[in-house]
Amino acid sequence: MIPILSKLSGYYSTYVLAILTIGYILGELGHYLIGVTSKQTAIDLEYGDISCQQNNTMFTRAEVTEQCSAIQNETSCHALEHNGTTYCEWNRNGLGIEYQILAGPTFILIFTIAGVFMGVAADRYNRVKMLTVCTFVFAVAIILQGTVKEYWQLVLLRMIMAAGESGCNPLATGIMSDIFPEDKRALVMAIFNWGIYGGYGIAFPVGRYITQANFFDLGWRVCYLGAGVLAVILAILTGTTLKEPERKSISDDSMTVKDGKKANLWSVLKNPAMIMLMIAASIRHCGGMTFAYNADLYYNQYFPDTDLGWWLFAVTIGIGSIGVVVGGVVSDKIVAKMGIRSRAFVLAISQLIATLPAFGSVFFEPLWAMITLGGSYFFAEMWFGIVFAIVVEIVPLHVRSSTIGVFLFVMNNIGGNLPILVDPVAKAIGYRGSIMIFYAGMYGISSILFLITCFLLEGKPKTSDTEKGENPGMEVHTRNVQGHDNSVFTADEPPAYNGINKKPSALTNNLQNVPGYKAQIHESSRL
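Residues numbered from 1 in each chain as written. Predicted model: local features only at pLDDT ≥ 70, side-chain atom pairs only at ≥ 80, totals over all residues. Heavy atoms only, no water.

## Notes on the state of the cysteines
Consideration 1: Under the counting rule described, the total for this entry stands at 2 disulfides.
Consideration 2: Covalently, cysteine 52 is tied to cysteine 77 through a disulfide, its sulfur atoms 2.2 Å apart. Of note, the bridge from cysteine 52 to cysteine 77 carries an S-S torsion of about 85° and is right-handed in sense. With cysteine 52 in strand β1 (residues 50-54) and cysteine 77 in helix α3 (residues 74-79), this residue pair connects regions lying 25 residues apart in the sequence. Accessibility classification places cysteine 52 together with cysteine 77 in one group, the buried group.
Consideration 3: There is a disulfide in this structure between cysteine 68 and cysteine 88, and the S-S distance comes to 1.9 Å. Its S-S torsion of about -80° marks the bond between cysteine 68 and cysteine 88 as left-handed, since a negative value means left-handed. One end of the pair, cysteine 68, is in the loop between β1 and α3; the other, cysteine 88, is in strand β4 (residues 88-92), with 20 residues separating them in the sequence. This pair shows no difference in class: cysteine 68 is buried, exactly as cysteine 88 is.
Consideration 4: A disulfide-free cysteine, cysteine 134 has its sulfur positioned 6.4 Å from the sulfur of cysteine 168, the nearest such atom. (Disulfide = S-S within 2.5 Å. Helix = DSSP H or I, 4+ residues; strand = E, 2+ residues; numbered from the N terminus. Buried < 20%, exposed > 50% of the residue type's maximum accessible area, 1.4 Å probe, protein only.)

## Quick look at the environment of threonine 21
Consideration 1: Within the fold, threonine 21 resides in helix α2 (residues 12-45).
Consideration 2: For threonine 21, a relative accessible area of 8% gives the class buried.
Consideration 3: The spatial distance from the C-alpha of threonine 21 to the C-alpha of phenylalanine 192 is 5.0 Å, given a sequence separation of 171 residues.
Consideration 4: If near-sequence neighbours (up to four positions away) are discounted, threonine 21 is found in contact with Ile191 and Phe192. (Contact = heavy atoms within 4.5 Å.)

## Examining empty space enclosed by the protein
Consideration 1: Across all of its chains, the model carries 2 cavities of 30 Å³ or more by this definition.
Consideration 2: Taken as a whole, the largest cavity spans an internal volume of roughly 70 Å³.
Consideration 3: Looking at the largest cavity, the residues that line it are Ile19, Leu20, Gly23, Tyr24, Leu131, Thr135, Cys168, Ala172, Phe192, Leu234 and Thr238.
Consideration 4: Residue assignment for the lining of the largest cavity shows that the elements contributing at least two residues are α2, α6 (127-145), α8 (168-179) and α11 (221-241). (1 Å grid on protein atoms, 1.4 Å probe; cavity = no way out; pocket = protein on both sides within 12 Å on 5 of 7 lines; lining within 4 Å. Points joined across faces, edges and corners; volume = space filled by probe spheres on them.)

## A short note on the side chain of asparagine 294
Consideration 1: Within the element layout of this structure, asparagine 294 appears in helix α13 (residues 272-302).
Consideration 2: From its side chain, asparagine 294 meets the backbone oxygen of threonine 290 in a polar contact 2.8 Å long.
Consideration 3: Discounting residues that sit within four places of it in the chain, asparagine 294 has contacts with Leu95, Tyr99, Gln100, Val422, Tyr431 and Ile435. (Polar contact = N/O pair within 3.5 Å; in protein donor to acceptor, adjacent residues only side chain to side chain.)

## Looking at the packing of aromatic side chains
Consideration 1: For the coordinates displayed, the defined rule picks out 20 aromatic pairs.
Consideration 2: A ring pair is formed by tyrosine 299 and phenylalanine 303, whose centres lie 6.1 Å apart and whose planes are at 20°; its orientation type is stacked.
Consideration 3: Judged by its relative accessible area of 1%, phenylalanine 303 falls in the buried class.
Consideration 4: Aromatic rings pair up to connect Tyr298, Tyr299, Tyr302, Phe303 and Tyr431 into one cluster. (Phe/Tyr/Trp six-rings, centres within 6.5 Å; stacked < 30°, edge-to-face > 60°.)

## A few points about unusual backbone geometry
Note on backbone geometry: most residues besides glycine have negative phi, and most peptide bonds are trans.
Consideration 1: Positive phi, normally seen in glycine, also occurs at asparagine 214, with a value near 55°.
Consideration 2: The exposure class assigned to asparagine 214 is partly exposed, which follows from its relative accessible area of 34%.

## Quick look at α13
Consideration 1: End to end, α13 covers 42 Å across 31 residues, agreeing with the expected 45 Å (1.5 Å per residue, within 8%).
Consideration 2: Remark: the principal bend of α13, roughly 55°, maps to asparagine 294.
Consideration 3: Among the 31 residues that make up α13, 25 are buried, leaving the element largely enclosed by the rest of the structure.
Consideration 4: With a side-chain oxygen lying 3.0 Å from the backbone nitrogen of alanine 273, the N-terminal cap of α13 falls on asparagine 271. (Expected span 1.5 Å × (residues − 1). Bend = angle between axes of the 7 residues up to and from the residue.)

## A few points about the confidence of the model for the protein
Consideration 1: Chain-level statistics for the protein give a pLDDT mean of 80 and a share of 78% at 70 or above.
Consideration 2: Counted against residues more than four places away or in other chains, residues 249-258, with its pLDDT under 50, gives 38 contacts.
Consideration 3: Taken as a whole, residues 463-527 scores under 50 in pLDDT and shows 173 contacts with residues more than four places along the chain or in a different chain. (pLDDT = per-residue confidence, 0-100.)

## A look at the packing of helix α15 (residues 341-361) against helix α16 (residues 366-380)
Consideration 1: For the pair α15 and α16, interaxial distance at closest approach is 7 Å and the crossing angle is 160°. In terms of axis orientation, α15 runs roughly antiparallel to α16. Between α15 and α16 lies a crossing of left-handed hand. Together, Ser350, Gln351, Ile353, Ala354, Pro357, Ala358, Gly360 and Ser361 of α15 and Ala369, Thr372, Leu373, Gly375, Ser376, Phe379 and Ala380 of α16 make up the contact between the two elements.
Consideration 2: Its residues assigned to classes, the contact of α15 with α16 shows 8 nonpolar, 7 polar and no charged. (Axes fitted to C-alpha atoms, helices over the stretch in contact; angles between N-to-C directions. Parallel < 35°, antiparallel > 145°, perpendicular 65-115°, else oblique. Left-handed = near helix turned anticlockwise from the far one by under 90°. Nonpolar A, V, L, I, M, F, W, Y, C, P; charged D, E, K, R; others polar.)

## Focus on the environment of tyrosine 24
Consideration 1: Counting through the fold element by element, tyrosine 24 comes out in helix α2.
Consideration 2: Taking the relative accessible area as the measure of exposure, tyrosine 24 reaches 8% and is therefore buried.
Consideration 3: Along the backbone, tyrosine 24 and isoleucine 196 are 172 residues apart, and their C-alpha atoms lie at a distance of 7.3 Å.
Consideration 4: When residues no more than four places from it in sequence are discounted, the contact partners of tyrosine 24 are Glu165, Cys168, Asn169, Phe192, Asn193, Gly195 and Ile196.
Consideration 5: Side-chain polar atoms of tyrosine 24 contact the side chain of asparagine 169, separated by 3.2 Å.

## Topic: α15
Consideration 1: Taking 1.5 Å of rise per residue, 21 residues should cover 30 Å, and α15 covers 31 Å from first to last C-alpha, within 8% of that figure.
Consideration 2: Its maximal kink placed at threonine 355, α15 deviates by approximately 30°, while the proline proline 357 follows within four residues.

Shown next as structure tokens:
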């Protein structure tokens, strides 16, 4: 091999991670852009609510005698003036039931259903080729969103975009799991999943400032055209420079119930702890999606004279990312002392602490709104990795992928679609009150539900002296494990079966409380 190519080959795995992560960021950027560009999109495509809004940045809200948002009819709106200058307009604000449907259900429904099929197909077909097609599909859909003339066209293209993006996570996760060694896999997955925050955070400055720049007199359309073109380039790089890695076996077929049959998916899903965890996660997801789809629109409506684009970018990407890491470290540190129950306890406490600042972020004026938003985000964003750490620790290996698929399907469809109620509630009690309920209020409710889940999980398992003597240094997993990493949802890779010692692979679950389940103790490798 040419010396320079030999040296570069050592960076191949890093290159793969970069390509997959950037692709994920672009997919999430396309997903969340609508929340930032919705007002201009609504004006162009004529959908959503019409209201009186401040359109003159010469005056601050403190200088004018009457706020535009308080006016309920067009004539009075145009009549408002300050020192002989009008400062209000009667126009579409980007909100309304049409927007909530566009942002949530049209994307979430297709995303979750297609994701199930993508997960199944990933186990059978070439993942690199599939990922290339998926990236190309959502890239083209994003580009076409920048060319639409009708509302229904935008709805259809968001559905196509959702179908393409649904393959990114399961396909990329499988590829990375087979490329990176176990001791690096957690960090790799954390970097990749940061793409969610990257795409969401970048949407604020891109959607705001590129739209305002009005390049080529295209306004908001340039955001989608640019993001889509970059995604097409990533699709080409994915298909031409990545290779399908050799698959590694991560299954475990040794777990059975007392009648000799394996613990099945239904037995896992009807576990009270799993049901409560699923409900709590769905409620928490609703709070996050409500803020994601309404943050820019909310702050533009209530603080039209204050530019918060870069503040929102910094809080979501910077503080949110730190919160994810800290949450994982904290729960891993105390799980050895309290058992898996400690993870649910960390969830309950973190969401409780995040609730009051979340209310502050929609109650205070801009400065304190951003300060409290930062505090809320730090604790609130601990939740995602910890939830799935619990899931992988209480589920048998041979149904783990299926369980996670069902869990995501339920969580995304409930949590992702509940924000559609923001609009009717806003018409009854006001936009601010509605956001408080479905954003901060859901944080508080999820905290209570996570606390209930805590008592349905088991505490630290007891290890007998005999077990310790026979297997020094080995953690015996009975009702719960002693700490899987929070950042990765893939199953453990059990050690190869030793035909001489006859030692089977690990039991990494705490589902012995499933009716008819027979406990078995095995050696384990850990993520």
